[in-house]
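# Structure assessment
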Amino acid sequence: MMNLIASASAIALILGAPLTVGLKQVQPKPAVTAEAQTTAPMTAAERTRLLKEASKALANVKTARGKFEQYSPDGSLSTGQFAMSRPGKVRFDYDDPTPLLLVSDGTTVALQDSELETTDRVPLSQTPLSLLLSDKLDFEKQAEVIDVRRTADRTNITVRDKSGETDGTLTVILDNKDNALTGWRTVDASGGRTSVLLSGVEVGAKLNPRLFILRDFDNR
């Protein structure tokens, strides 16, 4: 899913392209970026059941908040806090020194840079977030599922845009205990990988609706 630079820079940041700001250089964590260890092949029935269970479990999480770590293709790391309200709303607050804030209000996704005082917006429907934030999430109906792998502790579901209009892939990483979302990995059209790891997730959190409103600098 994605190499959305230029006008789609808001999504490229969190879901597919390397950061262009100065970030700490680290090696990506294997738990986030490594391919799932191969296990016995699934039958068609097992694959369908797993996808339906995963879709239902994710869609049932109406609100959540926690921390995130983002690993970019160049090995750089950024951290921050996130809040999610289904359907369609999410907020990623980046820690200093990254001057960025990403917010989806359910219709558009915006990336704001406090140093440059710029805000870029892109329709939510044109981003991979539209799948992850859907309240009627269904992997098989909403995306082209190209790989499903399960190990002892996690499940990787790799999808791409069903319409073929967006290049790249998205791999959703779930905990096998309860199908909780633990992170995701994207590969863009040029082969660059971006991984996001979630931690300290609180499900069912009461969130202020204002978290998902982002005004431009000249409208504050």
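If you're wondering where the values come from, they're calculated on a predicted model, not measured in any experiment.

### A look at the packing of aromatic side chains
- Within this structure, the stated rule accounts for four aromatic pairs.
- Where Phe 68 meets Phe 92, the ring centres are 5.2 Å apart and the plane angle is 85 degrees; that geometry is what we call edge-to-face. With Phe 68 in strand S2 (residues 63-71) and Phe 92 in strand S4 (residues 89-94), the pair connects residues that are 24 residues apart, well separated along the chain. Across the pair, Phe 92 and Phe 68 agree in class, each one buried.
- Between Phe 68 and Tyr 94 the ring centres are 5.1 Å apart and the planes differ by 80 degrees, which places this aromatic pair in the edge-to-face class. Highlighted residues: Phe 68 in strand S2 and Tyr 94 in strand S4, separated in sequence by 26 residues.
- Look at Tyr 94 and you get buried, because its relative accessible area is 7%.
- Members of the aromatic cluster, each reached through a chain of ring pairs, are Phe 68, Phe 82, Phe 92, Tyr 94 and Trp 184.

### Considering the nonpolar core
- Grouped together as the largest cluster of nonpolar side chains are 35 residues, with contacts concentrated most on Phe 92, Phe 139, Ile 157 and Val 159.
- The biggest single contributor to this core is helix H3 (residues 44-59), with five residues.
- Sequence-distant contacts of Ile 157, that is, excluding residues within four places in its chain, are made with Leu 50, Leu 51, Ala 54, Phe 139, Val 145, Asp 147, Leu 170, Thr 171, Val 172 and Leu 174.

### A look at the layout of surface pockets
- Considered as a void within the structure, the largest pocket measures approximately 380 Å³ in volume.
- Taken together, the elements giving at least two residues each to the lining of the largest pocket come down to H3, strand S3 (76-85), S4, helix H4 (129-132), strand S11 (181-187) and strand S12 (193-203).
- Broken down by element, the lining of the largest pocket gets its largest block of residues, three residues, from S12.
- Grouping the amino acids of the lining of the largest pocket by side-chain chemistry returns 18 nonpolar, one polar and two charged.

### Things to note about the pairing of S3
- By the criterion of burial, S3 is predominantly enclosed, with eight of the 10 residues buried.
- Inspection of the sheet shows S2 paired to S3 by nine bridges, in the antiparallel sense. What sits directly across from Phe 68, in S3, is Gly 80.
- Linkage of S2 to S3, two consecutive antiparallel strands, is achieved through a turn of four residues, within which Gly 75 is found at a positive phi near 90 degrees.
- In this sheet, S4 lies alongside S3 in antiparallel orientation, the contact comprising six bridges. Bridge assignment links Ala 83 to a residue of S4, and that residue is Arg 91.
- Once S3 ends, the chain turns through three residues before running back antiparallel as S4, passing Gly 88 with a positive phi of about 85 degrees.

### A word on the confidence of the model for the chain
- For the chain, per-residue confidence averages 82 on the pLDDT scale, and 81% of positions sit at 70 or higher.
- This model gives residues 16-36 a pLDDT under 50, and the stretch forms 61 contacts once residues within four places in sequence are excluded.

### Topic: H3
- For H3, with 16 residues, the first-to-last C-alpha span of 23 Å sits near the 22 Å given by 1.5 Å per residue.
- On its buried face, H3 is in contact with helix H5 (139-142), strand S8 (144-150), strand S9 (154-160), strand S10 (169-175) and S11.

### Thoughts on unusual backbone geometry
- The peptide bond linking Arg 86 to Pro 87 adopts the cis configuration, its omega dihedral lying at 5 degrees.
- Residue position: Pro 87 is located in the loop between S3 and S4.
- With omega at 10 degrees, the peptide bond leading from Asp 96 into Pro 97 counts as cis.
- Among the secondary structure elements, Pro 97 is positioned in the loop between S4 and strand S5 (100-105).
- Even without being glycine, Asn 179 reaches a positive phi, approximately 60 degrees.

Procedures and definitions
Residues numbered from 1 in each chain as written. Predicted model: local features only at pLDDT ≥ 70, side-chain atom pairs only at ≥ 80, totals over all residues. Heavy atoms only, no water. Phe/Tyr/Trp six-rings, centres within 6.5 Å; stacked < 30°, edge-to-face > 60°. Helix = DSSP H or I, 4+ residues; strand = E, 2+ residues; numbered from the N terminus. Buried < 20%, exposed > 50% of the residue type's maximum accessible area, 1.4 Å probe, protein only. Core = buried A, V, L, I, M, F, W, Y, C linked by side-chain atoms within 4.5 Å. Contact = heavy atoms within 4.5 Å. 1 Å grid on protein atoms, 1.4 Å probe; cavity = no way out; pocket = protein on both sides within 12 Å on 5 of 7 lines; lining within 4 Å. Points joined across faces, edges and corners; volume = space filled by probe spheres on them. Nonpolar A, V, L, I, M, F, W, Y, C, P; charged D, E, K, R; others polar. Pairing = 2+ DSSP bridges. pLDDT = per-residue confidence, 0-100. Expected span 1.5 Å × (residues − 1).

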